[in-house]
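Report on the structure
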Amino acid sequence: MPLMPKRVLHRKQSKGSRSGFATSGTELTYGDYGLKAMSRGWLKNTQIEACRVAMNRYMKRKGKVWIRIFPDKPVTKKPIEVRMGSGKGNPEFWVAVIRPGKILFEIGGVPEAVARECLRLADTKIGIRTQMVTRQN
C-alpha cells in the first residue's frame, strides 16, 4: 500500500514553487537523531518507503522511526506516444516537496552508531543532499 492521501479535494495540481526554505519541521521533535535536508527537490512515495524499510531492517526493529514528511502532491504524466495538447495527463505518483532545513526522518531508542548508519542508508535512497542532526547540536 503506497504512501498517499486517502482523499484529495483536487485530483490534479500545478507544479508549484520549490524556492525558499522550510519554515516548519526544522527542529527535532520526537527522536534523538534526525536527517535534515540541505537541498531542495521532490521525494516520491516509493523513495520514502524505501528509506523506512532500510532503516527498520538495519535497526532490526529495536528503535523507533518517525517519518516527518508526507507525499501529498500529485504528479501527472501523459501516456507515451501521445500527441501534444488535449489536456493534462492523469496522476502517476505522489511526492513530498522538500525545502532546505526540513527534517525528513527521526530515530530514537538506539545508540548513536546505529542511528548514524540507519540515516546513512536512508540518505542513499533519496536524491537530495542531507545532514545528520542530533539533540546536542
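Above this text sits the structure in question.
Now for a look at the structure at hand.

Cut-offs applied
- Residues numbered from 1 in each chain as written.
- Predicted model: local features only at pLDDT ≥ 70, side-chain atom pairs only at ≥ 80, totals over all residues.
- Heavy atoms only, no water.
- Pairing = 2+ DSSP bridges.
- Helix = DSSP H or I, 4+ residues; strand = E, 2+ residues; numbered from the N terminus.
- Axes fitted to C-alpha atoms, helices over the stretch in contact; angles between N-to-C directions.
- Contact = heavy atoms within 4.5 Å.

A short note on the sheet that holds strand β3 (residues 64-67)
Pairing is antiparallel in the open sheet, where 4 strands are placed in the order β3-β6-β1-β7. Looking at which strands have only one partner, the edges of the open sheet turn out to be β3 and β7 (130-134). Within the sheet, the average angular offset between the axes of one strand and its neighbour, ignoring direction, is 20 degrees. Pairing of strand β1 (residues 33-37) with strand β6 (residues 103-108) involves 4 bridges; the strand directions are antiparallel. Each bridged residue has a counterpart across the sheet, and for Y33 the counterpart in β6 is I107. Running at roughly 30 degrees to β1, helix α2 (residues 112-125) makes contact with β1, β6 and β7 of the sheet.

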